[in-house]
Each structure stands twice: as C-alpha cells, then as structure tokens.
Amino acid sequence: MALLYKRHTEAENIYIQNKFYFRAINMNINGYKWDRALKLARDFKSHLDIVVALRKRYLERIGKEESNK
C-alpha cells in the first residue's frame, strides 16, 4: 500500500524490516536510484552482483559510460 501512495521510503523500510532485501533493492533500481540500491546491497551483503549487472546493462542501453567508481 505504501508504494501505491508513493511513499517509497516507507515501503523500503517495510521491506527491510521484513528482510525482503531484494525487493527493497529492486524498488530502487526500478526508480533509477542506483546509489541507494548499491548502498543497500553493500549493507546487507546480498545481490551486489545483480545491481552491478543491471547498472551495466542500463548504461549500455543509453550509450553512456560508468561515472561511479
């Protein structure tokens, strides 16, 4: 319901409290919040490879190079 009402921070907190880390990360990826998705992946030590791969695919699609280290 939080997502339907565009309360993204609240939705992310709900996912994290219930240990749905991938859903929280994926929500940020879908919103193009790459830095936040990467931070969550690092903090929870999960799905880091997915974040990097999706970021790489996204940058290739739009024809840009990576700007983040």
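Residues numbered from 1 in each chain as written. Predicted model: local features only at pLDDT ≥ 70, side-chain atom pairs only at ≥ 80, totals over all residues. Heavy atoms only, no water.

## Quick notes on the side chain of Asn28
Rules: In this text, helices come from DSSP runs of H or I with a minimum length of four residues, and strands from runs of E with a minimum of two, each type numbered from the N-terminal end. Should any heavy atoms of two residues lie within 4.5 Å, those residues are counted as being in contact.
For Asn28, the location among the structural elements is in helix α2 (residues 21-30). Leave out the neighbours within four places in its chain, and Asn28 touches Glu12, Lys33, Arg36, Ala37 and Leu40.

## Some points on the environment of Asp35
Selection criterion: Type-normalised accessible area, obtained with a 1.4 Å probe on protein chains alone, sets the label of each residue: buried when under 20%, exposed when over 50%, and partly exposed for intermediate values.
Looking at the element boundaries, Asp35 is found in helix α3 (residues 34-44). Looking at Asp35, the relative accessible area reads 53%, which means it is exposed. A C-alpha to C-alpha distance of 9.8 Å links Asp35 and Val51, two positions 16 residues apart in sequence.

## Digging into the pattern of salt bridges
Here is the rule: One side-chain nitrogen of Lys or Arg within 4 Å of one carboxyl oxygen of Asp or Glu is enough to make a salt bridge.
Enumeration according to the criterion identifies four salt bridges in this entry. Salt-bridge contacts for Glu10 lead to Arg7; the nearest nitrogen and oxygen are separated by 3.7 Å. According to the relative accessible area criterion, Glu10 is partly exposed, its value standing at 38%. Residue Arg7 is classed as partly exposed on the basis of its relative accessible area of 44%. We note a salt bridge from Arg55 to Glu66, for which the minimum N-O separation is 3.1 Å.

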